[in-house]
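Chain by chain, the residues:
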Amino acid sequence: MVTLHAAEVELLAMTARDMVTIIQEPPEGEVRDRLYPRAYLDPTEEKAQGEFDALVHDELVRSRAAALQAIVGGLEAAAPNSRGVIKIALRPDQEMQWLTAVNDARLVIGTALGVSEDGDTDYARDDPRFEYGVLYGWLTQLHFELVTLMLDEIGAAGSDDGDGHETGSSGA
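Because the structure is a prediction, the values reported are computed rather than measured.

The next subject is the overall build of the protein. Within the protein one finds five helices and two strands. Taken from N to C terminus, the helices and strands of the protein fall in the order β-α-α-α-β-α-α. In terms of principal-axis extent, the alpha carbons of the protein reach across some 55 × 45 × 30 Å. For the protein, with 172 residues in total, the buried portion stands at 37%. Put simply, the protein has 13 plus and 32 minus side-chain charges, and the middle of one group is 3 Å from the middle of the other.

Let us look at the nonpolar core. Counting 40 residues, the largest nonpolar core has Leu 4, Leu 12, Leu 75, Trp 98, Leu 139 and Leu 146 as its most contacted members. Elements represented by at least two residues in this core include exactly β1 (2-5), α1 (6-24), α2 (30-35), α3 (46-77), β2 (85-88), α4 (92-113) and α5 (130-157). Ignoring sequence-local partners within four residues, the contact set of Leu 12 consists of Leu 4, Ile 71, Leu 75, Trp 98, Trp 138, Leu 139 and Leu 142.

What follows deals with the pattern of salt bridges. All chains considered together, the criterion is met by seven salt bridges. Arg 32 serves as the salt-bridge partner of Glu 28, at 3.9 Å between the closest nitrogen and oxygen. Classification of Glu 28 by relative accessible area gives exposed; the value is 71%. Residue class for Arg 32 comes out partly exposed when judged on its relative accessible area of 26%. Notably, a salt bridge pairs Asp 104 with Arg 64, separated by 3.2 Å at the nearest N-O pair. A residue pair is termed long-range when its members are at least 10 positions apart, and Asp 104 in helix α4 and Arg 64 in helix α3 qualify at 40 residues.

This brings us to the side chain of His 143. Mapped onto the elements, His 143 comes out in helix α5. A residue is classified by how much of its surface remains accessible, and His 143, at 18% relative accessible area, is buried.

The next thing to look at is the environment of Gly 73. Of note, Gly 73 is situated in helix α3. Take Gly 73: its relative accessible area is 34%, and that puts it in the partly exposed class. The sequence separation of Gly 73 and Ala 13 amounts to 60 residues, and the corresponding C-alpha distance is 8.7 Å.

Let us look at α4. Taking 1.5 Å of rise per residue, the 22 residues of α4 would be expected to cover 32 Å, and the 31 Å separating its terminal C-alpha atoms lies within 8% of that figure. Downstream of α4 by a residue or two, Gly 114 has a phi angle that is positive, lying close to 75°.

This brings us to the packing of α1 against α3. Interhelical geometry of α1 versus α3 gives an angle of 160° and a closest axis separation of 9 Å. As judged from the angle between their axes, α1 and α3 are roughly antiparallel. The handedness of the crossing between α1 and α3 is left-handed. Contacts between α1 and α3 involve Val 9, Leu 12, Ala 13, Ala 16, Arg 17, Met 19, Val 20, Ile 23 and Gln 24 on the former and, on the latter, Val 61, Arg 64, Ala 65, Leu 68, Gln 69, Ile 71, Val 72, Leu 75 and Glu 76. Classifying every residue of the contact of α1 with α3 gives 13 nonpolar, two polar and three charged.

This part covers the packing of α3 against α4. At their nearest, the axes of α3 and α4 sit 8 Å apart, and the two run at 110° to each other. One way to sum up the angle between α3 and α4 is to call them roughly perpendicular. For the pair formed by α3 and α4, the contact residues are Arg 64, Ala 66, Ala 67, Leu 68, Ala 70, Ile 71 and Leu 75 on the first element and Gln 97, Trp 98, Ala 101 and Asp 104 on the second. The residue makeup of the contact of α3 with α4, split by class, is eight nonpolar, one polar and two charged.

Quick notes on the rules
- Residues numbered from 1 in each chain as written.
- Predicted model: local features only at pLDDT ≥ 70, side-chain atom pairs only at ≥ 80, totals over all residues.
- Heavy atoms only, no water.
- Helix = DSSP H or I, 4+ residues; strand = E, 2+ residues; numbered from the N terminus.
- Buried < 20%, exposed > 50% of the residue type's maximum accessible area, 1.4 Å probe, protein only.
- Lys, Arg positive; Asp, Glu negative; His and termini not counted.
- Charge placed at Lys NZ, Arg CZ, Asp CG, Glu CD.
- Core = buried A, V, L, I, M, F, W, Y, C linked by side-chain atoms within 4.5 Å.
- Contact = heavy atoms within 4.5 Å.
- Salt bridge = Lys/Arg side-chain N within 4 Å of Asp/Glu carboxyl O.
- Expected span 1.5 Å × (residues − 1).
- Axes fitted to C-alpha atoms, helices over the stretch in contact; angles between N-to-C directions.
- Parallel < 35°, antiparallel > 145°, perpendicular 65-115°, else oblique.
- Left-handed = near helix turned anticlockwise from the far one by under 90°.
- Nonpolar A, V, L, I, M, F, W, Y, C, P; charged D, E, K, R; others polar.

As structure tokens, then:
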């Protein structure tokens, strides 16, 4: 179960819509390279790389765009309760779509920000990267919660005491 506040729903839907465009037509450079890394690092393997791209690139674009569009569709179909909270029950295939889409958004934003493993995204409010740093942090937390949800379900499937868990930045 994903639990989000109305403002988070709006932010996630906007981010997912923007990401569809980026996934379909990524800018040249680091963002494109991060989303679609080379299968062959050896520069003498350009022919093999071209063949690989011909086989998988279009399907990868389609599946990523479908995952993002599924998020938007799920968010648009959900109705908030009286406190402005939206709860969305995800099937296992939807959980994987959400996980993939949130990770893709993190990859794009993190690459644009130049985030590294030891990098910090706590930018000052007057820094032009501030809002994207906050978005990156929120997406990272949502990604973590989705992974935790899936791992909990795997554990719950193997035991009799699994009671299901919720995820979302508003808490479980």
